[in-house]
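# A closer look at the structure
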Amino acid sequence: MAVTEPSKGSDAGNPSSLLSDDFELNAEKWLVGNGHDATIGTMVVRTGTGPYSIGVILLTPETLSHPKVFRQLLPVAGLQGAGLSHLYFDKTPISEEHILGLHRRPLERGMHSVIKTFYRMRPCVCAMALGSAQALLDFAISHISNVKARELHSSLQIEIEAIRNLNYRAALRIDDNILDGAAVSLAKACSTEFVEKVVRIMPKLVGTELFLTDIWLQKTITDIQGYEWMEGSLDMQRLNILAGSI
Ligand SMILES: Cc1cc2nc3c(=O)[nH]c(=O)nc-3n(C[C@H](O)[C@H](O)[C@H](O)COP(=O)(O)OP(=O)(O)OC[C@H]3O[C@@H](n4cnc5c(N)ncnc54)[C@H](O)[C@@H]3O)c2cc1C
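Quick caveat, the model's predicted, so the values are computed rather than measured.

Check the secondary structure of the protein and you find eight helices and six strands. Going residue by residue from the N terminus, the α and β elements of the protein occur as β-β-β-β-α-β-β-α-α-α-α-α-α-α. Structurally, the protein occupies a C-alpha span of about 70 × 40 × 25 Å along its principal axes. Per-residue burial for the protein yields a buried fraction of 42% across its 246 residues. Taking the contacts inside the protein whose residues are at least 6 apart along the sequence as the reference set, 70% of them involve residues at least 24 apart.

Our next topic: the domain arrangement of the protein. Split into domains, the protein comes out as domain 1 (18-100) and domain 2 (111-243). The gap between the C-alpha centroids of domain 1 and domain 2 is 30 Å. Counting residues at the interface gives six residues for domain 1, matched by six residues for domain 2. Carbon and sulfur atoms make up 77% of the area that domain 1 and domain 2 hide from each other, which totals about 440 Å².

This brings us to the packing of aromatic side chains. Applying the stated rule across the entire model yields two aromatic pairs. With a centroid separation of 6.2 Å and an interplanar angle of 40 degrees, the aromatic rings of Phe70 and Tyr88 are classed as tilted. One end of the pair, Phe70, is in strand E5 (residues 69-73); the other, Tyr88, is in strand E6 (residues 85-93), with 18 residues separating them in the sequence. Note on Phe70: relative accessible area 44%, which makes it partly exposed. Judged by centre distance (5.4 Å) and plane angle (25 degrees), the rings of Phe139 and Trp216 are stacked. In this pair, Phe139 is assigned in helix H3 (residues 111-141) and Trp216 in helix H7 (residues 215-224), connecting sequence segments 77 residues apart. Since its relative accessible area comes to 18%, Phe139 is described here as buried.

Counting 26 residues, the largest nonpolar core has Phe194, Val198, Met202, Leu205, Val206 and Leu217 as its most contacted members. At the level of secondary structure, the elements contributing two or more residues to this core comprise H3, helix H4 (147-176), helix H5 (182-206) and H7. When neighbours within four sequence positions are excluded, Met202 is seen to be in contact with Leu136, Phe139, Ala140, Gly207, Phe211 and Leu217. In terms of nonpolar packing, the next biggest core, distinct from the first, is built from 16 residues, Met111, Tyr119, Ile178 and Val184 among them.

Okay, the site of the ligand next. Taken together, 18 residues surround the ligand, and among them Val3, Thr4, Ser10, Ser233 and Asp235 come closest. Take Thr4: an N or O atom from its side chain is 2.6 Å from a nitrogen atom of the ligand. Taken by itself the ligand offers 990 Å² of open surface, and the protein chains cover 65% of this. The cavity where the ligand resides is the largest pocket. Broken down by secondary-structure element, the contributors of at least two residues to the shell around the ligand are strand E2 (24-32) and helix H8 (234-243). It is H8 that contributes the most residues to the shell around the ligand, three residues altogether. Here the shell around the ligand is built from residues that sort into eleven nonpolar, six polar and one charged. Counting the residues that make up the shell around the ligand, at least three belong to each of domain 1 (18-100) and domain 2 (111-243).

Let us look at the UniProt feature "domain: Acyl-CoA oxidase/dehydrogenase middle" (unreviewed entry) in the protein. The feature "domain: Acyl-CoA oxidase/dehydrogenase middle" (unreviewed entry), as given by UniProt, occupies residues 1-91 in the numbering adopted here. Taken as a whole, residues 1-91 contains 4% helix and 38% strand, while its terminal C-alpha atoms sit 20 Å from one another.

Here the focus is the layout of surface pockets. Of the volumes computed, that of the largest pocket is approximately 1300 Å³. Secondary-structure elements contributing two or more residues to the lining of the largest pocket are E2, H3, H7 and H8. Looking at the lining of the largest pocket, the element that brings in the most residues is H3, giving nine residues. The class makeup of the residues in the lining of the largest pocket is 24 nonpolar, 16 polar and four charged. Size it by volume and the second largest pocket reaches roughly 170 Å³. What lines the second largest pocket is a set of 13 residues, among which Thr47, Gly55, Ile99, Leu102 and Arg109 lie closest to the centre. Among the elements of the structure, strand E4 (54-59) and helix H2 (106-109) are those that each provide at least two residues to the lining of the second largest pocket. For the lining of the second largest pocket, the class distribution of residues is seven nonpolar, four polar and two charged.

Procedures and definitions
Starting afresh in each chain, residues are numbered from 1 along the sequence in its written order. Note on the predicted model: pLDDT of at least 70 is required for a residue's local features to be given, and 80 or more for side-chain atom pairs to be given and counted; whole-chain, interface and lining totals, by contrast, use all residues. To obtain the side-chain values, all non-hydrogen atoms of the structure were included, while hydrogens and water were left out. Secondary structure counts use DSSP, requiring at least four H or I residues in a row for a helix and at least two E residues in a row for a strand, with both numbered from the N terminus. Whether a residue is buried, partly exposed or exposed follows from its accessible area with a 1.4 Å probe, protein chains only, as a fraction of its type maximum: under 20%, in between, or over 50%, in that order. We call two residues in contact when some of their heavy atoms are within 4.5 Å. What fixes the domain bounds is an automatic or database domain assignment. Two parts lose some accessible area (1.4 Å probe) when they are put together, and adding that loss for both gives the buried area. Aromatic rings from Phe, Tyr and Trp, taking only the six-membered ring of Trp, are treated as a pair when their centres fall within 6.5 Å; an angle between ring planes under 30 degrees marks them as stacked, one over 60 as edge-to-face, and anything in between as tilted. Think of a nonpolar core as a cluster: buried Ala, Val, Leu, Ile, Met, Phe, Trp, Tyr and Cys residues, connected wherever their side-chain atoms sit within 4.5 Å. Being near a molecule or strand, for a residue, comes down to having at least one heavy atom within 4 Å of it. Think of a polar contact as two N or O atoms within 3.5 Å of one another; within protein, one of them needs to be a possible hydrogen donor and the other a possible acceptor, and neighboring residues in sequence only count if both atoms come from side chains. Residue burial considers only the protein chains on display, and all accessible areas are found by Shrake-Rupley using a 1.4 Å probe. Cavities and pockets were defined on a 1 Å grid built over protein atoms only: a cavity is a set of grid points that admits a 1.4 Å probe from which the probe cannot escape, a pocket is an open set flanked by protein on both sides within 12 Å along at least five of seven lines, and lining residues are those with an atom within 4 Å of any such point. What decides whether a molecule sits in a cavity or pocket is whether more than half of its atoms lie within 2 Å of the grid points. When residue character is reported, Ala, Val, Leu, Ile, Met, Phe, Trp, Tyr, Cys and Pro are called nonpolar, Asp, Glu, Lys and Arg charged, and the others, Gly included, polar. UniProt positions are given in the numbering used here, feature names are shortened, and annotations may be inferred rather than shown by experiment. Grid points are joined across faces, edges and corners, and a volume is the space filled by probe spheres set on the points.

As structure tokens, then:
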């Protein structure tokens, strides 16, 4: 799902990538998961100058193997498995039938469908962040050596249960009404803030030496920094919470 551009990240509803009237695609996208070797995908593009001229196109194996398509893996410090990639399409021909949702009204086929996908995915990102936090807490258990650290661990375990419950309820709310996105934003904000807090507290739970030298711990902590950027940063979640009702 290629949405992000080098100068348009959080401002995802205003892409520069353009599908021209004669169905030529000029696009640059980056930070796209598995984009360098995917054989199929979707891309958010501008189809005109108006505010509703945003569409989603299907990227078929033929399009992705076209000689005017350039794809490369981005060098990253963490989350190597996500295969974050840089994609460049230079006057690449696109078949009209690969513009998705033409049977729908213009507003519904573009950003509307992207927002719905974001809202559906957000509880999954929360669950991954909470899973990472739980893995850190589970790791810490066998290294805790004093009462203060044990109490701190217990309070973090209570907090994670509460956020897990919040995420579950937010996901139910999205199942009921796909455009009711404030609760999933709250869950995403709480999950990412919580997992980053657990990272900061880890030295108190396991000791500074182990914190700095354990390879699994260091890898997990590096990967955790990615959650902030998946499905919208904290600032964007806060704007969404303010715009919605909880
Ligand atoms: C692991 C991972 C997987 C990803 N997968 C994909 C993918 O598959 N497809 C894809 O298209 N993209 C993907 N992304 C990219 C991700 O969607 C972007 O990183 C994200 O949208 C933020 O965009 P940006 O990096 O350009 O940051 P920016 O939008 O430049 O944000 C920088 C800072 O400015 C703040 N900010 C921006 N706008 C506002 C505002 N209006 N008000 C207040 N603060 C603001 C942000 O909160 C942030 O703190 C992925 C990223 C990661 C880390």
